[in-house]
Amino acid sequence: MFELTMTTPTADGRPSSPRRARCALLPAVLLLLAALNGHAHPTDFREIVSRAGPAVVNIRAITETEAMALPEDETHRNLPDFLDRFFGDGDDAPTMPALSTGSGFVIDPGGLIVTNRHVVDNAHEIRIRLSDRREFSARIVGTDRATDIALLEIEAQNLPAVEIGDSSGVAVGDWVVAIGSPFNFENTVTAGIVSAKGRSFPAQQYVPFLQTDVPINRGNSGGPLLDMGGRVIGVNSQIFSENGTYMGLSFSIPIEIAMSVVDQLRDGGSVERGLLGVSIEDVSRELSRVLGMSEPRGAVVTSVTAGSAADRAGLQPWDVIVAFDGQEIRRFSDLPPLVGMIRPGSNARLTVHRAGEETEIDAVIGRFDTEGEEPAQPLMPDVLKDPPERLGLELAPTADGLEVVAIELPELWRAGLFRGDIIESVNQARVRSIDDFDRQLEAAANGPVAMLVRRGRGRTFVVMPGTGS
């Protein structure tokens, strides 16, 4: 408890005699001030902005879009000439320029600039505006669709350049800063914390995104994400939004991924990316029990592409890749970026959990066709939205396994088994008949039952926990 000495004026305006008052809140206030003074969180981003800000640029990319034509049942013959140039008849409609804006940052004093591919995609003219208001025309050195990275070049010398950092040392909860041109407001600074690491999306499986709560909006794309030392640790790329503006989730490409792409674009204008040739999933807790693992970790193989590096190395469905070239795989999303950063033809060593044991497998990495590969899509079944009322499971033998004809057991429906699925194996054993299926269920007793099922062109695991879980 602290005491304060206070005076209050009397009715005639003269100060009264001093009074003492007890203040129980003051210790808490002093502790808070001490915490702030001890840098519990940053209170000043000026040094970061002064170091990196001059190297951040505004990008305006000009593309062409078809001008809107008037409906066929209307005439525009009486329109003035200047309107007639924009509203034509059908195929005669002219094109109009369209403007895309974004951000970027200088990585080399000689004029090399990094941004997002989608900022400059299909542009026939690119203008770069520096923080000192100078403007340059830029050319595209190269782009990479898989990572959404583009490398640009302008004819300039002695430009301020950013310092490249290392996102691997950044932890969830660390403060970060973004600089860019949201809604074309140049050199805008926003700040927040790292919310998560290693986020993945089906269309960009080679990018383990950094998730932050830094306010990012249209025009921030391609700008730098900076650590508290003013070093670039990511390229701001995407937001999660239902209305097109910031809603609390922003995603940045780790700088190691971006610079690996940049180095290849600078050397040859294109990117070579490794390919293992497997479809993978996360290992659930129930599946880890079936596989005899002490904990859920790694990337479990659901299918192997014929003739791929994985096929030649002997990888099989049900294998769990727990390490790649000495790098631990905790989640399946950890694996694709590591494979992608290896040059085709290189050797890689995989640590694989198989049949209750870990083994080392060597593979010669193949080549990923960046432009020809369709992005992986989640397996979305075409099924009834409500489970059937009766209990039971109706199966029909096929050449590849057992087709699910009807599902009347709610537990199976909730676990993710759907009508039309082909059950290929149960608890690591192939099933070609109803008897095979029943034997595996009996062998599992009350433990979990894992089924590898084919759904359309993909494969996935369906696991029932079991009454003993």
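Refer to the structure printed above.
Residues numbered from 1 in each chain as written. Predicted model: local features only at pLDDT ≥ 70, side-chain atom pairs only at ≥ 80, totals over all residues. Heavy atoms only, no water.

### As for empty space enclosed by the protein
Rolled over the atoms, a probe as big as a water molecule pinpoints where empty space is left. Scanning all chains against the criterion turns up two cavities of 30 Å³ or more. The calculated volume of the largest cavity comes to roughly 70 Å³. Looking at the largest cavity, the residues that line it are Thr147, Tyr206, Ile257, Ser260, Val261, Gln264, Val271, Glu272, Arg273, Pro337, Gly340 and Met341. For the lining of the largest cavity, the secondary-structure elements that each account for two or more residues are α5 (255–268) and α8 (335–340). The space that makes up the second largest cavity amounts to roughly 50 Å³. The greatest single-element share of the lining of the second largest cavity, amounting to three residues, is contributed by strand β3 (residues 56–66). (1 Å grid on protein atoms, 1.4 Å probe; cavity = no way out; pocket = protein on both sides within 12 Å on 5 of 7 lines; lining within 4 Å. Points joined across faces, edges and corners; volume = space filled by probe spheres on them. Helix = DSSP H or I, 4+ residues; strand = E, 2+ residues; numbered from the N terminus.)

### Side note on the pairing of strand β26 (residues 422–426)
Of all five residues making up β26, five are buried, and the element is well covered by its neighbours. Relative to β26, strand β25 (residues 402–407) is paired through two bridges, and the arrangement is antiparallel. Note on β26: the bridge partner recorded for leucine 402 is isoleucine 423. In terms of strand pairing, β26 meets strand β27 (residues 429–430) through two bridges, oriented antiparallel. In the strand pairing of β27, serine 425 is matched with arginine 430. Remark: two residues form the turn of the hairpin made by β26 and β27, two consecutive strands paired antiparallel; asparagine 427 in that turn has positive phi of roughly 50°. (Buried < 20%, exposed > 50% of the residue type's maximum accessible area, 1.4 Å probe, protein only. Pairing = 2+ DSSP bridges.)

### Let's talk about the side chain of serine 250
Turning to its location among the elements, serine 250 is positioned in strand β15 (residues 250–254). A distance of 2.7 Å separates the side chain of serine 250 from the backbone oxygen of valine 214, its partner in a polar contact. Beyond its immediate chain neighbours, meaning those up to four positions away, serine 250 contacts Leu210, Gln211, Thr212, Val214, Ile216, Gln238 and Ile239. (Polar contact = N/O pair within 3.5 Å; in protein donor to acceptor, adjacent residues only side chain to side chain. Contact = heavy atoms within 4.5 Å.)

### Quick notes on the pattern of salt bridges
Per the counting criterion, the structure on display carries 23 salt bridges. Put simply, arginine 266 and aspartate 263 hold a salt bridge, and the shortest N to O gap is 3.1 Å. With arginine 266 and aspartate 263 both in helix α5 and three residues apart, the pair spans about one turn of that helix. What makes arginine 266 partly exposed here is its relative accessible area of 39%. For aspartate 263, a relative accessible area of 34% corresponds to the partly exposed category. (Salt bridge = Lys/Arg side-chain N within 4 Å of Asp/Glu carboxyl O.)

### A word on the packing of aromatic side chains
According to the stated counting rule, one finds six aromatic pairs in the structure shown. Centre to centre, the rings of tyrosine 206 and phenylalanine 368 are 5.0 Å apart; their planes meet at 55°, and the pair counts as tilted. One end of the pair, tyrosine 206, is in strand β12 (residues 204–212); the other, phenylalanine 368, is in strand β23 (residues 366–368), and 162 residues separate them in sequence. Comparing tyrosine 206 with phenylalanine 368 shows no difference in burial state: the two are buried. (Phe/Tyr/Trp six-rings, centres within 6.5 Å; stacked < 30°, edge-to-face > 60°.)

### A look at the environment of glycine 229
Here glycine 229 is to be found in the loop between β13 (224–226) and β14 (231–239). Note on glycine 229: relative accessible area 15%, which makes it buried. Taking the C-alpha atoms as reference, glycine 229 lies 9.5 Å from valine 176; in sequence the two are 53 residues apart.

### Observations regarding the nonpolar core
Ile107, Ile128 and Ile154 are the most contacted members of the largest nonpolar core, which totals 46 residues. Looking at which element gives the most residues to this core, the answer is α5, with seven residues. Discounting chain neighbours no more than four positions away, the residues touching isoleucine 107 are Leu112, Val114, Leu151, Ala161, Val162, Ile164, Met259 and Val262. Formed by 19 residues, the second largest nonpolar core is a distinct cluster that contains Ala310, Leu335, Leu350 and Ile365. (Core = buried A, V, L, I, M, F, W, Y, C linked by side-chain atoms within 4.5 Å.)

### Describing helix α10 (residues 434–444)
What α10 keeps buried is the set Asp436, Phe437, Gln440 and Ala444. Take α10 and look down its axis: the buried residues cluster within an arc of 100°, on one side only. Looking at the packing, one finds that the buried side of α10 touches β24 (393–397), β25, β26, β27 and β28 (449–455). Remark: alanine 445 follows α10 within two positions and exhibits a positive phi of approximately 55°. (Arc of directions from axis to C-beta.)

### Here we look at the layout of surface pockets
If you add up the space inside the second largest pocket, you get close to 590 Å³. Lining the second largest pocket are 21 residues; nearest its centre among them are Gly198, Pro208, Asp334, Pro337 and Leu338. Secondary structure elements with two or more residues in the lining of the second largest pocket: β11 (188–201), β12, α5, β20 (327–328) and α8. Per-element tally for the lining of the second largest pocket: the top contributor is β11, with four residues. Here the residues of the lining of the second largest pocket sort into eight nonpolar, six polar and seven charged. (Nonpolar A, V, L, I, M, F, W, Y, C, P; charged D, E, K, R; others polar.)

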